[in-house]
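So you can see what is in the structure, the chains are spelled out below.
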Amino acid sequence: KDAGFENGKAEGYRAGKDDGFRAGKDEGLAAGKDEGYRAGKEQGYSAGRSENGTEGDAADRATGERLAEALRAIDRARSLSEILDTLATCAGREAPRAAVLLVRDSKLVGWRFVGFGAALEQGTAFETSLTESGIIGEAVRSEAAVGGESSSAPLPPPFAEASADCERVAIPIAIGGEVIAALYADRGAVDRDARPARFAWRSALEMLARHAARALEAVTAFRTAQLMTESAPKPQGSPASSEGEHAARRYARLLVSEIKLYHGAEVAA
C-alpha cells in the first residue's frame, strides 16, 4: 500500500508538472505576444511619424523654393505682357488649371490659359461679360479673392467644368486701385490625389497675383518717372539729348504695350 501510494504520488507529480509547464508556456506565450505587439506598434508608430514628417518637410521646402523662384521670375519680367505671361505660367505650377483674363469695361477677355486644352491656347479668342463669368466676376466686383468648393462658391466661369468636387479660386489684379485683370485656377478630386499639397494652394496663388500686381505698378511708375526726369530740353546732338530720346522711346514702348494689352482686338483689326 505504501509503495503504491508513493508511486502514484510520483506519477501524479510528473503529470501535474507537465500540465503546469504547458499551461505556463501557453500563458507566457500569449502575454509575450501581447507585450511584443504593443511595443512593436509603438515603435512602428514613431517610425511612421518620423518618415512622414521628413517627407512633409521636403514637400514644404520644395513648395517654398518654387514660390520664391516664381516671385523672382515675375520680378525679372520687363513689360506688362511679360508679367502676365509669367504669372500664368507660375500659377500653372500650383494648380492643374489656371488662367489670366483681362478686364475691359464690362467684359472679360482671355489672355493666357494653362491646362484647359488646345481650344483655349489662344487666350484672346475667349470673351464673356462680367455678369456671366461666375466666380471671376464676383472677385472683380468685390476686389477680393473668392474661393471655395463649387457647392458653396459662385458658379464657375464658362470655360471651366462645373464639377461637384472642384475647388476654385479667382483673384483680382489691380493697378492704382482699378482691377485690370484676374487670375483663375481650379482643381478637382483627381487632381488632389495626383498632386497632394501640404501648402495652401489658394494662398500661394493669391501671393503670386498680388506680387504681379505690384510688379505691373512698378514697371509703369518707373518708366513714367524715368521719362519725367530725363525730359528736360537738351541741346541737339549732346549725350544728354540722346539719353532723353532713348527714354522717350522706352516710354513709347510702354504705351504701345498698354494699347496692345487693353485693346488687343482693335489692334488685330
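I will try to describe carefully the structure that is included in this document. Bear in mind that the values here come from a model prediction, so they are computed numbers and not experimental data.

### Here's the deal with the overall build of the protein chain
Here is step 1 of the chain: Along the protein chain, the regular secondary structure elements total seven helices and six strands.
Here is step 2 of the chain: Along the protein chain, helices (α) and strands (β) appear in the sequence α-α-β-β-β-α-β-β-β-α-α-α-α when read from the amino end.
Here is step 3 of the chain: When the 269 residues of the protein chain are sorted by exposure, 35% land in the buried category.
Here is step 4 of the chain: Within the protein chain, contacts between residues at least 6 apart in sequence are counted, and of these 54% link residues at least 24 apart.
Here is step 5 of the chain: Summed over its atoms, the accessible surface of the protein chain is roughly 16,100 Å², and 54% of this surface lies on carbon and sulfur atoms.

### Thoughts on unusual backbone geometry
Here is step 1 of the chain: A positive phi is found at Asp105, a non-glycine position, where the angle reads about 55°.
Here is step 2 of the chain: Along the chain, Asp105 falls in the loop between β1 (97-104) and β2 (107-114).
Here is step 3 of the chain: Taking relative accessible area as the criterion, Asp105 reaches 78% and is therefore assigned exposed.
Here is step 4 of the chain: In the Ramachandran plot, Glu143 falls in the positive-phi region, its phi being about 55° despite a non-glycine side chain.
Here is step 5 of the chain: By the element assignment, Glu143 lies in the loop between α3 (135-142) and β4 (146-149).

### Points about the nonpolar core
Here is step 1 of the chain: Counting 37 residues, the largest nonpolar core has Ile83, Ile173, Leu183, Leu205 and Leu216 as the members making the most contacts within it.
Here is step 2 of the chain: For this core, the secondary-structure elements that each account for two or more residues are α1 (2-76), α2 (80-94), β1, β2, β5 (167-175), β6 (178-187), α5 (201-230) and α6 (239-262).
Here is step 3 of the chain: In terms of residue count, α5 provides more of this core than any other element does, ten residues in total.
Here is step 4 of the chain: Ignoring any residue separated from it by four or fewer positions in sequence, one finds Ile173 in contact with Leu87, Glu178, Val179, Ile180, Ala181, Ala182, Leu183, Ala209, Ala213 and Leu216.

### Considerations on the packing of aromatic side chains
Here is step 1 of the chain: Evaluation of the coordinates by the stated rule reveals seven aromatic pairs.
Here is step 2 of the chain: Taking the centre distance of 6.0 Å and the plane angle of 90° together, the rings of Phe113 and Phe116 count as edge-to-face. Neither residue differs from the other here; Phe113 and Phe116 are each classed as buried.
Here is step 3 of the chain: Aromatic pair Phe116 and Phe159: ring centres 5.2 Å apart, planes at 90°, arrangement edge-to-face. Taken together, the residues Phe116 in the loop between β2 and β3 (127-129) and Phe159 in the loop between β4 and β5 connect sequence positions 43 residues apart. No difference in accessibility class separates Phe116 from Phe159, as the two residues are buried.
Here is step 4 of the chain: Through pairs of rings, three or more aromatic residues link up here, namely Phe113, Phe116, Phe126, Phe159 and Tyr184.

### As for the pairing of β6
Consecutive side chains of a regular strand alternate in pointing toward one face of the sheet and then the other.
Here is step 1 of the chain: Extensive coverage of β6 is indicated by the burial of nine of its ten residues.
Here is step 2 of the chain: Of the pairings in the sheet, the one linking β1 to β6 comprises six bridges and is antiparallel in character. The residue bridging Leu101 from the neighbouring strand is Ala182, located in β6.
Here is step 3 of the chain: Here β5 pairs with β6 via nine bridges, running antiparallel. Of the residues in β6, the one forming a bridge with Val169 is Ala185.

### Regarding the pairing of β2
Here is step 1 of the chain: For β2, the buried fraction is high: six of the eight residues fall into the buried class.
Here is step 2 of the chain: Bridging between β1 and β2 involves seven bridges; their strand directions are antiparallel. Each bridged residue has a counterpart across the sheet, and for Val100 the counterpart in β2 is Arg112.
Here is step 3 of the chain: Linking two consecutive strands that pair antiparallel, namely β1 and β2, is a turn of two residues; a positive phi of about 55° is found at Asp105 within it.
Here is step 4 of the chain: Both β2 and β3 contribute to a ladder of three bridges, which runs antiparallel. Its bridge partner being in β3, Lys107 is matched across the sheet by Ser129.

### So, α2
Two residues of an α-helix separated by three or four positions point the same way, owing to the 3.6 residues in each turn.
Here is step 1 of the chain: Taking 1.5 Å of rise per residue, 15 residues should cover 21 Å, and α2 covers 22 Å from first to last C-alpha, within 8% of that figure.
Here is step 2 of the chain: Within the sequence span of α2, burial applies to Leu80, Ile83, Leu84, Thr86, Leu87, Ala88, Cys90, Ala91, Gly92 and Glu94.

### A closer look at the pattern of salt bridges
Here is step 1 of the chain: Within this structure, the stated rule accounts for eleven salt bridges.
Here is step 2 of the chain: When the shortest N-O distance is used, the salt bridge between Arg187 and Glu167 registers 3.3 Å. Remark: Glu167 occurs in strand β5 and Arg187 occurs in strand β6; sequence separation between them is 20 residues.
Here is step 3 of the chain: Taking the relative accessible area as the measure of exposure, Arg187 reaches 11% and is therefore buried.
Here is step 4 of the chain: Across the salt bridge formed by Arg202 and Glu167, the nearest N and O atoms sit 3.8 Å from each other. In this pair, Arg202 sits in helix α5 while Glu167 sits in strand β5, placing the two residues 35 residues apart along the sequence.
Here is step 5 of the chain: Taken together, the shared-partner salt bridges connect Glu69, Arg72 and Arg76 into one network.

Reading the values: the criteria
- Residues numbered from 1 in each chain as written.
- Predicted model: local features only at pLDDT ≥ 70, side-chain atom pairs only at ≥ 80, totals over all residues.
- Heavy atoms only, no water.
- Helix = DSSP H or I, 4+ residues; strand = E, 2+ residues; numbered from the N terminus.
- Buried < 20%, exposed > 50% of the residue type's maximum accessible area, 1.4 Å probe, protein only.
- Contact = heavy atoms within 4.5 Å.
- Areas by Shrake-Rupley, 256 points an atom, 1.4 Å probe, with all protein chains shown as cover.
- Core = buried A, V, L, I, M, F, W, Y, C linked by side-chain atoms within 4.5 Å.
- Phe/Tyr/Trp six-rings, centres within 6.5 Å; stacked < 30°, edge-to-face > 60°.
- Pairing = 2+ DSSP bridges.
- Expected span 1.5 Å × (residues − 1).
- Salt bridge = Lys/Arg side-chain N within 4 Å of Asp/Glu carboxyl O.

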